[in-house]
Structure formats: C-alpha cells, structure tokens
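# Structure assessment
So you can see what is in the structure, the chains are spelled out below.
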Amino acid sequence: MDIQFVDLRKQYARYRAEIDAAISRVIGNTSFVECGEIESFERDFAKFCGTSQAVAVSNGMDALMLIFESLGLTPGDEVIVPTNSFIATALAPSSVGAKPVLVDCDPRTYNLDPAKVEAAVTPRTKVICPTHLYGQAADMDAILKIAAERRLTVVEDACQAHGATFGGRRVGSFGYAAAFSFFPGKNLGAYGHAGAITTNDGALAERLRRMRIFGQTEKYVHPTKGRNARMDGLQAAILGAKLPHLDEWNARRRQLAALYTDLLSSHPAATPFVDPRGEPVFHVYAVQVERRDELMAYMKSHGVACNIHYPIPIHLQQAYAELGHSRGDFPEAERLSDCLLSLPMYPELEEAEVGYVVKTLADFYRR
Ligand SMILES: *Cc1c(COP(=O)(O)O)cnc(C)c1O
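Model, not experiment: these values are computed from the prediction.

Conventions used here
- Residues numbered from 1 in each chain as written.
- Predicted model: local features only at pLDDT ≥ 70, side-chain atom pairs only at ≥ 80, totals over all residues.
- Heavy atoms only, no water.
- Pairing = 2+ DSSP bridges.
- Helix = DSSP H or I, 4+ residues; strand = E, 2+ residues; numbered from the N terminus.
- Axes fitted to C-alpha atoms, helices over the stretch in contact; angles between N-to-C directions.
- Contact = heavy atoms within 4.5 Å.
- Buried < 20%, exposed > 50% of the residue type's maximum accessible area, 1.4 Å probe, protein only.
- Salt bridge = Lys/Arg side-chain N within 4 Å of Asp/Glu carboxyl O.
- 1 Å grid on protein atoms, 1.4 Å probe; cavity = no way out; pocket = protein on both sides within 12 Å on 5 of 7 lines; lining within 4 Å.
- Points joined across faces, edges and corners; volume = space filled by probe spheres on them.
- Nonpolar A, V, L, I, M, F, W, Y, C, P; charged D, E, K, R; others polar.
- Near = heavy atom within 4 Å.
- Polar contact = N/O pair within 3.5 Å; in protein donor to acceptor, adjacent residues only side chain to side chain.
- Areas by Shrake-Rupley, 256 points an atom, 1.4 Å probe, with all protein chains shown as cover.
- Sits in = over half its atoms within 2 Å of the grid points.
- Core = buried A, V, L, I, M, F, W, Y, C linked by side-chain atoms within 4.5 Å.
- Phe/Tyr/Trp six-rings, centres within 6.5 Å; stacked < 30°, edge-to-face > 60°.
- Lys NZ or Arg CZ within 6 Å of the ring centre and 35° of its normal.

### A look at the sheet that holds strand β2 (residues 78-82)
Pairing within the open sheet is mixed, and its seven strands lie in the order β1-β9-β8-β5-β4-β2-β3. The open sheet terminates on both sides in strands that have one partner only, identified here as β1 (53-57) and β3 (99-103). Sheet twist, expressed as the average angle between the axes of neighbouring strands with direction ignored, equals 25°. Strands β2, β3 and β5 (153-157) of the sheet are contacted by helix α4 (residues 88-95), whose axis makes an angle of about 170° with β2.

### So, helix α11 (residues 331-339)
Every buried residue of α11 is accounted for by Ala333, Glu334, Leu336, Ser337 and Cys339. Looking at the buried positions of α11, the neighbouring elements they touch are β11 (285-288), α10 (292-301) and β12 (340-343).

### Some remarks on the pattern of salt bridges
Opposite charge on two side chains permits pairing when their charged atoms draw close. Applying the stated criterion across every chain, the model contains 27 salt bridges. The partner of Asp139 in a salt bridge is Arg277, with the nearest N and O atoms 3.3 Å apart. Of the two residues, Asp139 sits in the loop between β4 (125-128) and α6 (140-150) while Arg277 sits in the loop between α9 (246-263) and β10 (278-279), which places them 138 residues apart along the sequence. The class for Asp139 is buried, based on a relative accessible area of 17%. Look at Arg277 and you get partly exposed, because its relative accessible area is 38%. With its nearest N and O atoms 3.0 Å apart, the salt bridge here joins Asp363 to Arg366.

### What to know about empty space enclosed by the protein
Counting across every chain of the model gives three cavities of 30 Å³ or more. Along the walls of the largest cavity sit 14 residues, with Tyr134, Gln136, Pro272, Phe273 and Phe282 positioned nearest its centre. Among the residues making up the lining of the largest cavity, the classes are represented as ten nonpolar, three polar and one charged.

### Digging into the site of the ligand
The environment of the ligand is formed by 13 residues, the closest being Gly60, Met61, Asp157, Ser181 and Lys186. Residue Gln160 places a side-chain N or O atom 2.9 Å away from an oxygen atom belonging to the ligand. Within the contact set of the ligand, an oxygen atom lies 3.0 Å away from a side-chain nitrogen or oxygen of Lys186. Burial of the ligand by the surrounding chains reaches 91%, relative to a free accessible area of 380 Å². Here the ligand is seated within the largest pocket.

### A short note on the nonpolar core
Note that soluble globular proteins tend to have their nonpolar side chains buried in a common cluster. Ranked by size, the top nonpolar core spans 48 residues in total, and within it Phe41, Phe45, Ile128, Phe182, Leu188 and Met231 carry the most contacts. The element best represented in this core is helix α2 (residues 36-49), accounting for six residues. Not counting chain neighbours up to four residues away, the residues in contact with Phe182 comprise Phe41, Phe45, His162, Leu188, Gly189, Ala190, Gly192, Ala194, Gly195, Ala196, Met231 and Leu239. Membership of the second largest hydrophobic core comes to 34 residues, among which are Val55, Met65, Phe68 and Ile314.

### Considerations on the packing of aromatic side chains
Counting across every chain of the model gives 13 aromatic pairs. Both rings, one in Phe41 and one in Phe182, keep their centres 5.5 Å apart while their planes meet at 80°; by these two values the pair is edge-to-face. With Phe41 in helix α2 and Phe182 in the loop between β8 (177-181) and β9 (195-199), this residue pair connects regions lying 141 residues apart in the sequence. Each ring, one from Tyr110 and one from Tyr134, has its centre 6.0 Å from the other, and the planes form 75°; the classification is edge-to-face. Taken as a pair, Tyr110 in the loop between β3 and α5 (114-120) and Tyr134 in the loop between β4 and α6 lie far apart in primary sequence, 24 residues in all. Among the aromatic residues, those joined into a ring-pair cluster are Phe41, Phe45, Phe48, Phe180 and Phe182. Across the ring face of Phe273, the terminal group of Arg108 is positioned such that the distance to the ring centre comes to 3.9 Å. The positively charged end of Arg170 is found above the aromatic ring belonging to Phe48, 4.2 Å away from the centroid.

Don't take any of this as a statement about function, it's just geometry.
So this is what it looks like as structure tokens:
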C-alpha cells in the first residue's frame, strides 16, 4: 500500500480532457493576464459562494493582505485571530502594522471560542478574523453577534473551507470580506498559486481590483498606490474548469469522513465533532490520538502518509515572540498541537484505502 496524504494526479487523470482544453484555450488566445478568463471565474466563484462579488488574486495570503490593507487600520489596532491556524491568518494583520490578538479554540470544533473572543476584545479591537479550520465553519452566529455589539469588522479566513456552510449560508458571505486560497492541495486547487476575495460590497470589490493592479484605474493612471497581486489566466481557466465539480468533491469528502468516523468508533482515536448548524467540507480530517509522533512514523512505514495541522500554534512561533506568550497561555490549542493527526483525505481516496488507514492505526495500538 502507498497512500498519499493528498494525491492530485488522480483528479487530473479523471478530468484531463476538460483541464487540457482550458489550458490550450488560454495559450491559444494568449490570455495570460487581464483577460476574460478572470472575469468569468470571478462570476462563477461569487455565485458558488452566494456573494455578489469575487476578486481573483495571486494567492490566499495576498487575499488576506489586500483585505486588511483595504481596512485602513493604524498601528496599535487589534485583530482577533485563532492561535491554532496557519500562520497566514496572523501575518495578514501584522503586514499592515496591526496587532494580532491570539485567542484559544473551542475544544470540540477547534474553531475560535466565542467566549474567549468576547474576553479578548479591548477598546483597540477593530476586527475579528475567524479561520474556518479544516473546512468547518466557525460559530458565525456568535461571532457576528459579538461583532455587531462591539462594532467590529468580520473578515473570514475561508482558505480551507470552499463551500462549507453555517446556518444554510456558505462561508465567504458572512462578513466584510473573505479570503480563499486555491493552493494546489486545497478543496479547489489551482496548478500553481491563486486566491480570491469574496464580498457583498461592490465598491470594495472595485477598490480591491485596483489594489491588485498597481492601484491603477486605467493604464498608467494611478490615483492610489497598489501592488501586483493578480491571478493569471491559466489558473483562472483551470479553476473555472474544476469549479463545477467542487460540490461533488466536497460531498465525497463528507462521505469519506463519515466512513473514517464510523470505522474509528471502536478505536482509540477521537474523531472530529461536526457542529450540526453547518456542513463542513473536510479539507483536513484530523483525529486526536495518543503517542502521535510514534503513530505517524508507524503509519509512514506501512505506506500511509499523514500530516500535522499544526505542530506549533501561532503563539509559540518564534516569529510572534513579540507578543510575549509562553506555553500554557492557550491550553486547548497546545493540547491539540500535541495530539492531532491528519489522515489522508481527498475525493479520489477509495473506501478500501480508508479501511487500510484505520486498520494500520488500530494495529499500532494493538501491538
Ligand atoms: C492555505 C491557507 C492560507 C494561505 O493560502 P496561500 O494560497 O498558500 O497563500 C491562509 N490561511 C489558511 C488558513 C490556509 O489554510
């Protein structure tokens, strides 16, 4: 057995005709940048998220950074972010001189704990930025309520959650704006780097479209400063070809997750809790296990590639030493960083492979 953590070759093999046609079209038309492919993908992706606007950009980090740049924060302004996220969620407010204020998670959903968010709000707080971690929406009812009461802006880090819902609404549509990543291994993956911002604010979308292209309104006319953060035509065309299949892929991920959860019910691994108010898309299927690092090595030696999301919470990263945190500050995130193991998960994974992964895990504890 050789089970990859994510195997992108299988998807390409299945959709090769559609993807190759999209690539040839772009090259044939030399639609490399600033082309109809971008507008067409923006329309389709906004529709998918249930927003009026999508702005295609270079990657997920740039999507987050452009959103924070658009907010006009000033040094000392505070942005609440989860400490158990990919570091980009904190880097984005840092990049505009704002201070990320890290908050611990709910031990069941692994998403921002609203009570801890409430406790972290100060007079300097401007933004709450939940990550919809592993593809499950954060508690948007509670977060939107706190934001409304305290007059805060909500920015979603939806980089792992394309298509996930909360209360029947898709992520990306809840706040001021949301950032998506199309890094190859994400639920909707490009063949290189790409990202998008969704929003229901048409004026903001127009501003973001200028910011991503040197701040220009027309060629060589720059009323404001900007940078180059555009998505290229090839990525837009590839993403456009893949998007019609995303709902089916997400449904398949849920099916595989349910199978894992079922098969693991009699084994010593705590399976993910699904908040009944939402429908997750399982970008990551993570279980809590004992002797995690030993188990991971055992799985690897038996042909199963696992991963850890994330071994070091943001508050313990050297890059954020300036925040003055130490071990013990965020016990839930710390505990999870020591015991979570992400199992192979992608739509083309087969039931028999899920069975083998679970059997291998069980064998490790039975030895
Ligand atoms: C992937 C990811 C990003 C960054 O996306 P890139 O496209 O790699 O820049 C940001 N936040 C989270 C939570 C992510 O998972």
